[in-house]
2 protein chains.
Amino acid sequence: MRVQLIRHATLLVSIKGIRFLVDPMLSAAGTLDPSPGTVPQNKNPLVELPQCVRLETFQSVDAVLLTHTHRDHWDDTAIRLLPPTMPIFCQPEDSLKIIDDGFKNVTPVNDTLTWNGIELTRTSAKHGVGEMADKMGPVSGFVLEAENEPTLYITGDTVWCDEVREAYDQKRPDVIVAFAGAAAFTSGGPITMTAEHIRRLCEIAPKSRIMAVHLEAWNHCSLLRRDLRSYIHDTGMGEQLVIPNDGETIEFRCAEFAEL
Amino acid sequence: MRVQLIRHATLLVSIKGIRFLVDPMLSAAGTLDPSPGTVPQNKNPLVELPQCVRLETFQSVDAVLLTHTHRDHWDDTAIRLLPPTMPIFCQPEDSLKIIDDGFKNVTPVNDTLTWNGIELTRTSAKHGVGEMADKMGPVSGFVLEAENEPTLYITGDTVWCDEVREAYDQKRPDVIVAFAGAAAFTSGGPITMTAEHIRRLCEIAPKSRIMAVHLEAWNHCSLLRRDLRSYIHDTGMGEQLVIPNDGETIEFRCAEFAEL
């Protein structure tokens, strides 16, 4: 299984030869407005797509997987680029919007389904603490499982919460892609994982590799890679943490988890 | 042809299925002393290897290509890691040192040679301006050519100079990997390419893709990726410039150059 971080939450996941484009946000740097009610008010995305990306390759992926449709996960550039026939898997609450965006092959994942030999299970998530989670609307994560492949859990935009712990307990994923960045509005607490949330994830999942993304690309994500790295390193749990640069492809093999 | 930037000047070049590891410097961050007579005096390398790297994969590359043996291009970690039988191509001045380092299959490239269907041509380089170039010792670049592959010119540690222009004029490379970073001592001018040097390279090679590396990983390299990008962008020549993150793999196809 290979997971390439494109930028922010956009991933290219290859599992059993099937390629999923996750949460495509493909706009050029500085072309989208900052999220309102957040600081600093810099235009988004903060950085360009990495240089290895050729946009046209995304047109021929096997499917798109959307955790939710906020514009930092599903933007107009992606909507324009992807062919209307592209299979799209999403949470049930988003399917009408995506059909409205012009897509004809939209599959809501309520609980679990199998497609091309890959089992997709939707997981719950909380895009904020307390009332903020309701205000931000429904968000999901997904677990991808296939024979002879490591189990992959993509948290989606969530803080550390019981739902994340339950998803872990239920699936015992080998690899957890955690949407970090400590995104926040000027009040109301974090809406994605902070360094402390990643620490708790490391703590409950000591045998998983934890790949932190959703970093350094959107105006309200204040957590930097180097600060996350040193925070976790100082707890003595750095070994399992993977913080890829934009564009990096990380390969995960079943064998490495069997040894643990 | 694929060129992966590992970090600093360390590259993994795949051409016709043959994998060359270029200038391996594989030490962990902060484990090497700063270059003397430079500022800031931070320990090297400044950043870790990217997360996608598995050191053991370097043990099975097909060959190593060394532009010179300064320790930011050939370090003790690489010397310990690589098998003594690894084929190593280098400038003639370095072959005894590399044999001394324990390697049995060292091939000095004086002018040009063909190996596994790939033509390697050594190019001249100046690792500084005026007297500084003599002080820094001999350095080389290399051009790699193979049938149905883009021509690749790796400049090595050099400033903009007649030798670089001559290499370009002679080979008309499709891809130029330029060792940038504007490395310098506290006096004596730059010893690797500055933003202005990259601009001149863009100017003489308008149909080449120029991939800038040797950035943000060693204490005396002051040029940042974002500053190089905006400097070149402001000249209107940004299109051809590629500034990969550590770990990114850039694919170059003959077809894209045929169109130019």
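Structure shown above.
Below, the structure is looked at part by part. Model, not experiment: these values are computed from the prediction.

**Description of the packing of aromatic side chains**
Link 1 in the chain: Evaluated as defined, the whole model comprises six aromatic pairs over all chains.
Link 2 in the chain: With a centroid separation of 5.4 Å and an interplanar angle of 55 degrees, the aromatic rings of Trp74 of chain B and Phe103 of chain B are classed as tilted. On the criterion of sequence distance, the pair formed by Trp74 of chain B in the loop between β4 (63–65) and α2 (76–81) and Phe103 of chain B in the loop between α3 (95–100) and β6 (106–108) is long-range, its members being 29 residues apart. Each of the two residues, Trp74 of chain B as well as Phe103 of chain B, counts as buried.
Link 3 in the chain: Here the aromatic residues Phe20, Phe89 and Trp115 of chain A are joined through ring pairs into a cluster of three or more.

**Quick look at the relation of the copies chain A and chain B**
Link 1 in the chain: Under the fitted operation, chain A is carried onto chain B by 0.0 Å of movement along the axis and a turn of 180 degrees, and the coordinates agree to an RMSD of 0.0 Å. Such a combination of turn and shift is consistent with a two-fold rotation axis. Proximity to the rotation axis, assessed at the C-alpha, singles out Glu248 of chain A in chain A; its C-alpha lies 2.6 Å from the axis.

**A word on the side chain of Asp72 of chain A**
Residues and elements named next belong to chain A.
Link 1 in the chain: Checked against the element boundaries, Asp72 lands in the loop between β4 (63–65) and α2 (76–81).
Link 2 in the chain: For Asp72, which is buried and forms no salt bridge, the nearest opposite charge comes from Arg71, at a distance of 6.7 Å.
Link 3 in the chain: A distance of 2.8 Å separates polar atoms of two side chains, one belonging to Asp72 and the other to His8.
Link 4 in the chain: Filtering out sequence-adjacent residues up to four positions away, Asp72 remains in contact with His8, Met25, Asp157, His214 and Trp218.

**Some points on helix α5 (residues 162–171) of chain A**
Residue and element names in this part refer to chain A.
Link 1 in the chain: Those residues of α5 not exposed but buried are Val164, Ala167, Tyr168 and Lys171. What you see down the axis of α5 is that its buried residues fit within an arc of 100 degrees, all on one side. Across from the buried face of α5, at angles greater than 90 degrees, the exposed residues are Asp162, Glu166 and Gln170.
Link 2 in the chain: Those residues of α5 that are buried are in contact with β8 (118–124), β9 (140–145), β10 (152–154), β11 (175–179) and α6 (195–204).

**Observations regarding the interface of chain A and chain B**
Link 1 in the chain: Taken together, the 19 residues of chain A in the interface contact 19 residues of chain B.
Link 2 in the chain: Each partner contributes to the roughly 1,400 Å² buried at the junction of chain A and chain B, and carbon and sulfur atoms together form 39% of this total.
Link 3 in the chain: A per-residue breakdown of the area chain A buries against chain B is headed by Gln51, Arg54 and Glu248 of chain A, which together make up 44% of the total.
Link 4 in the chain: Counting the contacts that link chain A with chain B gives two salt bridges.
Link 5 in the chain: The partner of Arg54 of chain A in a salt bridge is Glu256 of chain B, and the shortest N-O contact between them spans 3.3 Å.
Link 6 in the chain: Where chain A meets chain B, there are twelve residue pairs in polar contact (both at pLDDT 80 or more).
Link 7 in the chain: Secondary-structure elements contributing two or more residues to the side of chain A that touches chain B are β13 (241–242) and β14 (249–251) of chain A.
Link 8 in the chain: The element that contributes the greatest number of residues to the side of chain A that touches chain B is β14 of chain A, accounting for three residues.

Definitions and cut-offs
- Numbering of residues starts from 1 in each chain and follows the order in which that chain's sequence is written.
- Whichever chain is written first is A, and whichever ligand is written first is 1; the rest continue in order.
- Selection of residues for local features in this predicted model requires a pLDDT of at least 70, selection of side-chain atom pairs for listing and counting requires 80 or more, and totals for whole chains, interfaces and linings are taken over all residues.
- Only heavy atoms go into the side-chain values, all of them from the structure, while hydrogens and water stay out.
- Any pair of Phe, Tyr and Trp rings, taking the six-membered ring for Trp, is counted once the centres come within 6.5 Å. Such a pair is stacked with planes under 30 degrees apart, edge-to-face with planes over 60 apart, and tilted for the rest.
- By definition, any uninterrupted DSSP run of H or I lasting at least four residues is a helix, any uninterrupted run of E lasting at least two residues is a strand, and each is numbered from the N terminus.
- Here the term buried applies to any residue with accessible area under 20% of the maximum for its type, exposed to any over 50%, and partly exposed to those in between, with areas from a 1.4 Å probe on protein chains only.
- A least-squares superposition brings the copies together, and it is based on the C-alpha atoms of residues with pLDDT no lower than 70 in both.
- When charges are tallied, Lys and Arg are placed among the positive residues and Asp and Glu among the negative ones, while His and the ends of the chain are skipped.
- In the sections that follow, a salt bridge refers to a side-chain nitrogen of Lys or Arg positioned within 4 Å of a carboxyl oxygen of Asp or Glu.
- In protein, a polar contact means a hydrogen-donor-capable atom and an acceptor-capable atom, both N or O and within 3.5 Å, with residues adjacent in sequence counting only if both atoms are side-chain atoms; elsewhere, any N or O pair within 3.5 Å suffices.
- Here a residue-residue contact requires only that any non-hydrogen atoms of the pair lie within 4.5 Å.
- Taking the helix axis as origin, the arc is that swept by the directions to the C-beta atoms.
- Two parts lose some accessible area (1.4 Å probe) when they are put together, and adding that loss for both gives the buried area.

What is shown is where atoms sit, not what they do.
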